[in-house]
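Below are the chains, spelled out letter by letter.
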Amino acid sequence: MMVEGRKSIHGEWSSRWAFILAATGSAVGLGNIWKFPYITGENGGGAFVLVYLLCIAVIGIPVMMSEIMLGRRGRQSPINTMRTLAREEGRSGYWQLLGFVGVLTGFLILSFYSVIAGWALSYVVQAVSGLFEGVTAERSGEIFGELVSNPGVQLFWHTMFMGMTMFVVARGVREGLEKAVRLLMPALFILLLILVGYAMNSGGFAQGFHFLFDPDFSKITTEGVLTALGHAFFTLSLGMGAIMIYGSYLPENVSITRATFTVAIADTVVALLAGMAIFPIVFANSLEPGAGPGLIFQTLPVAFGAMPGGLIFGTLFFILLVFAAWSSAISIIEPVVAWLVESRGISRRRASMIAGTVTWALGIATILSFNLWSELKWMDKTIFDLLDYLTANIMLPLGGLLIALFAGWAMRSSNSRGELGLQQVSYRRWQLLIRYVTPIAIAIVFLNAIELI
Ligand code: PHE
């Protein structure tokens, strides 16, 4: 059964396309272009990519359908949506904890996400000032090193990026965001194609391609599988309420399944293109695929520095990367702001100020973890590593597990079926995935990972 007449107090998307663009804007971000290549490099390539693609297909897609469905049915911030839906289904009020964990996860993710987006911002300036012209791989590494060893510079760009994010969130996500994403997403896509074209002629393409798509299962570890699972959630913006809140602005007549597939495919294509652009450059310049979070910042300037028109392409690329990160950042903090507005009765502007300030302050820990606090480690992980690990590898899959359990088991079938609007056969398929495959797969990966500790 659909619930008639429930409306979000925060408004609604103007059309199906507006939602697809916004959700794609949320999904496509640093996760695809910055994180996917470097974790693929750290985890040995092909086999990791395969596990990641499998996680997207059998876990990511059904969870995304569920998360959008819950959001559209509840029409409120994730915390209040979960409370309302649990009551409606006669279930425990504890389900709203799902929303609370999501809010916390959002703060933590954005705190480091904004620092990395700040790197991208600073690279716009470096690219446009011609710093990358004719740059060697070694010099490019030094430029990156200078950036991350300087807390002041990073703080400046982190502050700028948080300012940009909160500016949009304060005005409401539908204004501006819809229009920006419509233009920028295709532009980013085209620029990636140009980069892949360049990489094809860089001399390292065969090796890069082989690294990405030729699975060598001896290279995959338990930790690698956990990282692939976590990244499937991270890259699709799942497990913390971002897609749920976007779903809550979704008009009733839109097909959730079609929207989900469009977003998931676009997101995956962008990640694979980023990989195909970066690894050939890595191998052509004898760089280290497992170089870590600096990977794209160390490799891409070498490519831009050598190609004709590199100044323009390089500048454009980092501008588009900032925009991709921007439209993701907005969605990370939106559940928090919507919840503050709903439950505290404060204005959107105030709520954005509060959420933004807290996140900004948390971000300082990430900045310092690359320099002054780089020796501060726990289980061999810096503060940045820990934040990334805790959120992407643990909190998001846990959120996804709870979403799967609620959508698959706690909710009446008549309700989920009506909301998803699926035919009998497709509905059964979704139900099989969400009831059994998703929870069992997440549980197995978790149980294996516990042994690591
Ligand atoms: N999906 C975004 C990316 O790939 C990050 C994100 C995570 C956004 C969680 C929202 C929620 O960059």
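Shown above is the structure to which this text applies.
What counts as what
Residues numbered from 1 in each chain as written. Predicted model: local features only at pLDDT ≥ 70, side-chain atom pairs only at ≥ 80, totals over all residues. Heavy atoms only, no water. Helix = DSSP H or I, 4+ residues; strand = E, 2+ residues; numbered from the N terminus. Expected span 1.5 Å × (residues − 1). Bend = angle between axes of the 7 residues up to and from the residue. Buried < 20%, exposed > 50% of the residue type's maximum accessible area, 1.4 Å probe, protein only. 1 Å grid on protein atoms, 1.4 Å probe; cavity = no way out; pocket = protein on both sides within 12 Å on 5 of 7 lines; lining within 4 Å. Points joined across faces, edges and corners; volume = space filled by probe spheres on them. Nonpolar A, V, L, I, M, F, W, Y, C, P; charged D, E, K, R; others polar. Near = heavy atom within 4 Å. Polar contact = N/O pair within 3.5 Å; in protein donor to acceptor, adjacent residues only side chain to side chain. Areas by Shrake-Rupley, 256 points an atom, 1.4 Å probe, with all protein chains shown as cover. Sits in = over half its atoms within 2 Å of the grid points. Salt bridge = Lys/Arg side-chain N within 4 Å of Asp/Glu carboxyl O.

Novice: I keep staring at helix H2 (residues 30-42) and nothing clicks. Help me out?
Specialist: Residues separated by three or four positions in an α-helix point in the same direction, a consequence of the helix having 3.6 residues per turn. With 13 residues, H2 should reach 18 Å at 1.5 Å per residue; the first-to-last C-alpha distance of 17 Å fits that figure. Bending of H2 peaks at approximately 35 degrees at the position of phenylalanine 36, with proline proline 37 no more than four residues after it. Summarising burial for H2: twelve of the 13 residues are buried, a large majority. Considered for burial, the residues of H2 that qualify are Leu30, Gly31, Asn32, Ile33, Trp34, Lys35, Phe36, Pro37, Tyr38, Ile39, Thr40 and Gly41. Just downstream of H2 lies glycine 44, where phi reads positive at about 85 degrees.

Novice: Is there a simple way to think about empty space enclosed by the protein in this case?
Specialist: The final tally for this structure, using the stated rule, is two cavities of 30 Å³ or more. Taken as a whole, the largest cavity spans an internal volume of roughly 130 Å³. Along the wall of the largest cavity there are 17 residues; nearest its centre are Ser26, Ile109, Phe234, Ser237 and Ile332. A class-by-class count of the residues in the lining of the largest cavity yields ten nonpolar, seven polar and no charged. Considered as a void within the structure, the second largest cavity measures approximately 40 Å³ in volume. Looking at the lining of the second largest cavity, the elements with two or more residues in it are helix H4 (78-88) and helix H5 (97-128).

Novice: When you look at the site of the ligand in this model, what are you seeing that I'm missing?
Specialist: In the neighbourhood of the ligand, 15 residues make up the surrounding shell, with Ala27, Gly31, Tyr113, Phe234 and Ser237 lying closest. Measuring from a nitrogen atom of the ligand, one finds a backbone N or O atom of serine 26 at 3.2 Å. Between the ligand and leucine 30 there is a distance of 3.1 Å, counted from an oxygen atom to a backbone nitrogen or oxygen. When the ligand is considered free in solution it has 330 Å² of accessible area, and contact with the protein chains removes 100% of it. Taking a 2 Å distance to the grid points as the criterion, the majority of the atoms of the ligand fall inside the largest cavity. Within the residue set of the shell around the ligand, elements represented by two or more residues are helix H1 (16-27), H2, helix H10 (222-235) and helix H14 (310-344). Residues of the shell around the ligand, tallied by class, amount to seven nonpolar, eight polar and no charged.

Novice: When you look at the pattern of salt bridges in this model, what are you seeing that I'm missing?
Specialist: Between side chains of opposite charge, pairing is possible as soon as their charged atoms come close. All chains considered together, the criterion is met by eleven salt bridges. Close ionic contact of glutamate 146 with arginine 139 constitutes a salt bridge, the shortest N to O distance being 3.5 Å. For arginine 139, a relative accessible area of 33% translates into the label partly exposed. With its nearest N and O atoms 2.6 Å apart, the salt bridge here joins arginine 348 to glutamate 334. In this pair, arginine 348 sits in helix H15 (residues 348-369) while glutamate 334 sits in helix H14, placing the two residues 14 residues apart along the sequence. You can call glutamate 334 buried: its relative accessible area is 0%.

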